[in-house]
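Chain residues, written in single-letter form:
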Amino acid sequence: MALLSSISPSYLPRLCSQLSAHDAAADTKSRICLSNAFSHLQRTLTCKAGFPIHFDKREPYSLKVSASVTTDVSISEVSVKCPVVKGNTWSIHKFGGTCVGTSERIQNVANIIIGDSSESKLVVVSAMSKVTDMMYDLIEKAQSRDDSYKLALDAVFEKHKQTAHDLLDGVELTNFLSILSSDICNLRAMLHAIYIAGHATESFSAFVVGHGELWSAQILSSVLRKGGIDCKWMDARDVLIVTPAGSNQVDPDYEESERRLDDWLLKNPSKVVVATGFIASTPQNIPTTLKRDGSDFSAAIMGALFRAGQVTIWTDVDGVYSADPRKVSEAVILNTLSYQEAWEMSYFGANVLHPRTIIPVMQYDIPIVIRNIFNLSAPGTKICRVPNCDNEENMNLETYVKGFATIDNLALVNVEGTGMAGVPGTASAIFGAVKDVGANVIMISQASSEHSVCFAVPEKEVKAVAKALEARFSQALSVGRLSQVAVIPNCSILAAVGQKMASTPGVSATLFNALAKANINVRAIAQGCSEYNVTVVIKREDCVRALRAVHSRFYLSKTSIAVGIIGPGLIGATLLNQLRDQAAVLKEKSKTDLRVMGIIGSSKMLLSDTGIDLSKWKELEKEKGEKADLKKFVQHVHGNHFIPNTVLVDCTSSTEVADHYHDWLHTGIHVITPNKKANSGSLDKYLKIRALQRQSFTHYFYEATVGAGLPIMHTLRDLLQTGDKIIKIEGIFSGTLSYIFNNFVDTRAFSEVVVEAKAAGYTEPDPRDDLAGTDVARKVIILARECGLKLELSDIPVQSLVPDSLKDTASVDDFMQQLPSFDKDIATKRKSAEDAGEVLRYVGVVDVKNQKGLVELQRYNKHHPFAQLSGSDNIIAFTTERYNKQPLIVRGPGAGAEVTAGGVFSDLLRLASNLGAPSY
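Residues numbered from 1 in each chain as written. Predicted model: local features only at pLDDT ≥ 70, side-chain atom pairs only at ≥ 80, totals over all residues. Heavy atoms only, no water.

**Side note on the packing of helix α2 (residues 103-115) against helix α4 (residues 149-167)**
Applicable threshold: Fitted lines through C-alpha atoms give the axes, limited to the stretch in contact for helices. The angle between two N-to-C directions lies from 0 to 180 degrees. Put simply, DSSP marks the helices as runs of H or I at least four residues long and the strands as runs of E at least two long, and each gets a number from the N terminus on. Here roughly perpendicular refers to angles of 65 to 115 degrees, roughly parallel to angles under 35, roughly antiparallel to angles over 145, and oblique to all remaining angles. Take the far helix as the reference: if the near one is turned anticlockwise from it by less than a right angle, the crossing is left-handed, and if turned clockwise, right-handed. Should any heavy atoms of two residues lie within 4.5 Å, those residues are counted as being in contact. Here the term charged refers only to Asp, Glu, Lys and Arg, the term nonpolar to Ala, Val, Leu, Ile, Met, Phe, Trp, Tyr, Cys and Pro, and the term polar to all other amino acids, Gly among them.
Taken N-terminus to C-terminus, the directions of α2 and α4 make an angle of 50°; their axes are 9 Å apart at the nearest point. Judged by the inter-axis angle, α2 sits oblique to α4. The way α2 lies across α4 gives a crossing that is right-handed. Residues S103, I106 and Q107 of α2 pack against T163, D166 and L167 of α4. By residue class, the composition of the contact of α2 with α4 is two nonpolar, three polar and one charged.

**Observations regarding the sheet that holds strand β32 (residues 838-847)**
Rule in force here: By the convention used here, strands pair only if DSSP detects at least 2 bridges between them.
Taken in spatial order, the five strands make up an open sheet running β33-β32-β31-β34-β35, and their pairing is antiparallel. In the strand order of this sheet, the two ends are held by β33 (852-861) and β35 (888-893), each with one partner. Across this sheet, the average inter-strand angle for adjacent strands is 20°, counted without regard to direction. Bridge analysis of β32 against β33 gives ten bridges, and the strand direction is antiparallel. By the bridge assignment, V839 is partnered in β33 with Y860. Strands β31 (726-732), β32, β33 and β34 (873-880) of the sheet are contacted by helix α27 (residues 735-743), whose axis makes an angle of about 155° with β32.

**Remarks on the environment of S295**
Which entries qualify depends on this criterion: Any residue under 20% of the maximum accessible area for its type is buried, any over 50% is exposed, and the rest in between are partly exposed; the area is computed with a 1.4 Å probe on protein chains only.
Its location among the elements puts S295 in helix α9 (residues 294-306). Judged by its relative accessible area of 8%, S295 is buried. Through-space distance from the C-alpha of S295 to that of G96 is 7.2 Å; in sequence the pair is 199 residues apart. If we ignore the near neighbours within four places in the chain, the residues touching S295 are K94, V124, S126, E213, G277 and F278.

**Quick notes on helix α26 (residues 712-721)**
Of the residues making up α26, those classed as buried are I712, M713, T715, L716, R717 and L719. The inward-facing, buried residues of α26 abut β30 (700-701), α25 (704-707), β31, α30 (774-786), β34 and β35. Phi turns positive, to about 95°, at G723, one or two residues after α26.

**A closer look at the sheet that holds strand β27 (residues 626-627)**
In a beta sheet, neighbouring strands pair by backbone hydrogen bonds and run either parallel or antiparallel. Strand order in this open sheet of seven strands is β27-β26-β25-β24-β28-β29-β30, and the pairing throughout is mixed. Either end of the sheet is taken by a strand with one partner, and the two such strands are β27 and β30. Sitting on the sheet, helix α18 (residues 570-589) touches β24 (559-566), β25 (592-600) and β28 (645-650), and the angle it makes with β25 is about 155°.

**A word on the packing of helix α3 (residues 131-143) against helix α5 (residues 170-197)**
In contact at an axis separation of 7 Å, α3 and α5 are set at 40° when each is read in the N-to-C sense. Regarding the angle of α3 to α5, the classification is oblique. For the crossing formed where α3 meets α5, the hand is right-handed. Where α3 abuts α5, its residues M135, L138, I139, A142 and Q143 lie against L187, L191, I194 and Y195. Taken together, the residues of the contact of α3 with α5 sort by class into eight nonpolar, one polar and no charged.

Right, here's the structure in full:
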């Protein structure tokens, strides 16, 4: 009793009801005489603690008034009913803790309310930022008998005291500080009681925690009055009545709450009301809270009670995003959502509204608008019965699918067995066992055969679920009616949400196609008949990539690919210029979005999170380039952005880079290259790459390794895939050697033509690299392996055009100076050929029939296609069973940066059209 005596009388009614759970005395609803009507508003509550407490009880707004005229005249009764105006003249605003976190933000809230042109306004406020956590911490400390709760309470007091001094003055400041001091005194006494008992009941905790809202509501109402607004503040515990409904849930009593609201409004008429969020009372007038997201729930309930025109939820984001912007940086703000869409997205983890927040406003078709208090220019997202865009004629896949949400840290439980089929009660038994352990089933998928039932539960609950199922079905498992209760850990759920999307042809196909193109494996699927969501279960490590893949497909373009360029030399730089000139056209016309996310050279690299501006990549490389790190480069291009499909384009001739192809393909990265080293190197490495490629949906394209921009590899694959059999492939594969022998005519010296080719840029810096024939041999081995021949590069005999004595010459200049002394030998060969009506051509041959290859200088009749070349053209002849009498000829420019880069570009486009298809 001594402890209770230190508590302010204004708190005793509520506290007493908590301590004793004693119902208030029944309201006296008798006839009230006009002369003493006000005296009858006082009621007395006797607490089991043994002392009387007086407080105002709310009367219904319909009062029966009796008046005595004379003793001779009978008493007449008149029913007086004061109107309470509700309806769309009221607008509801809810401001969360972040919005009222500081003095400046509270003033900003006041300015927004003042600027609202609505006829009447109800403002629901949360506690100041972090205050609710501070209040829970007070209770935790007191229960733990930690004396530091006193200092923590002082910190709460100082925070609100300082805020009041910043915003208020005069009587408003004095009144609030008096109330604050009294409240702190009462809380100190209550926390001391908790400290002694070592325990706090739920109602005590709710009572303590609710003070944050009480103080923020009073401060804001005082600020509004200071600004000249007629404003009252409402303790929502006097109005909102809720009934506990299971774990962490409450159900509003709308009838009683509306009665109390009408009573409150009659006694406190005002155009602006500031109400506390989060807190309410039970039917026994015991303080409680609205649990998770309670302030939003408060606003929705108030919206329903007022039949308001609109409920605005003010937060720190511009609206509802199409996906989590922390995972998908190009997520867009949705203009409208239906109630059901918002409901679905909330259920699947999107930061929209708690599903229960939507329920109160749905029955009255009251729209909810999500707006950003820090960006008033943003219109926000409107959640309503029928979105504005719901025009069937103008809708497409993008408008049917509104957003994507994910839930992580799940596990799949699969109950499987032939004994389940057609057995009544199996599903009931399964989920009865799950219910018994208190697990939450997120998603259920059952095949029509009833052979298996699959469902997702939080990973922290899966062990208990599996144990309960094994115990429940122990006999069925032992005799084989059930084959297993399998747990698949490390899963995530991805949900696509949209109105009528399930009944719209093409939506599901597009969704699964996007996942397939991103090489995402789907573990389970659920699609109900509600037409609002399609849910898939995927590996947790694939979750973000899957989210980006589907969002990219529906919101960005049909195909989005992150491109990493390795080697911005002559070919790489030319490719970048081609991408610069063509990227916008491709995005507009074919919906193919090729974004270069990184460029790496031998010493520096340039990275971007959204795509490099290719019009000035060289300048950006100088300004923002960092030290080259291939591992970091690959991680960035593949993982740290919003595009799910990744391709690395190797424009080098490096063996070291080529050695990474297998690992890149294994992690789902596509590879495109003109680099011949991987396909002409070790046969074992080549076979491993090709085997890995065929096992996945990851593509490896290398058209430019053989004929620059000529469709040689593509033609060969088409022949093989259509069942033709290759007999022989022969061709002039070197643009350099083609140029040399096309111009090695008449009396011209061989060395003279080599000098000319070098000056024109056709040869490598060291012409011996071309004349040695190794490059042609690599192309031969690539074609041979493509035809199924298991040959090593060393198996190909090569006729080198470099004289033996000049192979080890120290410098290029020495080689070029000494080369003329060997002109006579090759001039003799030319003369012999010309005398026979033939020409010399340096060719590579793949003899599939005899399973061998060779590279050598050969003679051809002047009417042969190989004799008809000019410049640096290449030519390849395919002799097959179909093209036997007359070979299939592919001819065209086979050297130069432009055509080689063009070949790589063609592979990029081929990749875009083949994403999601099996590799070959």
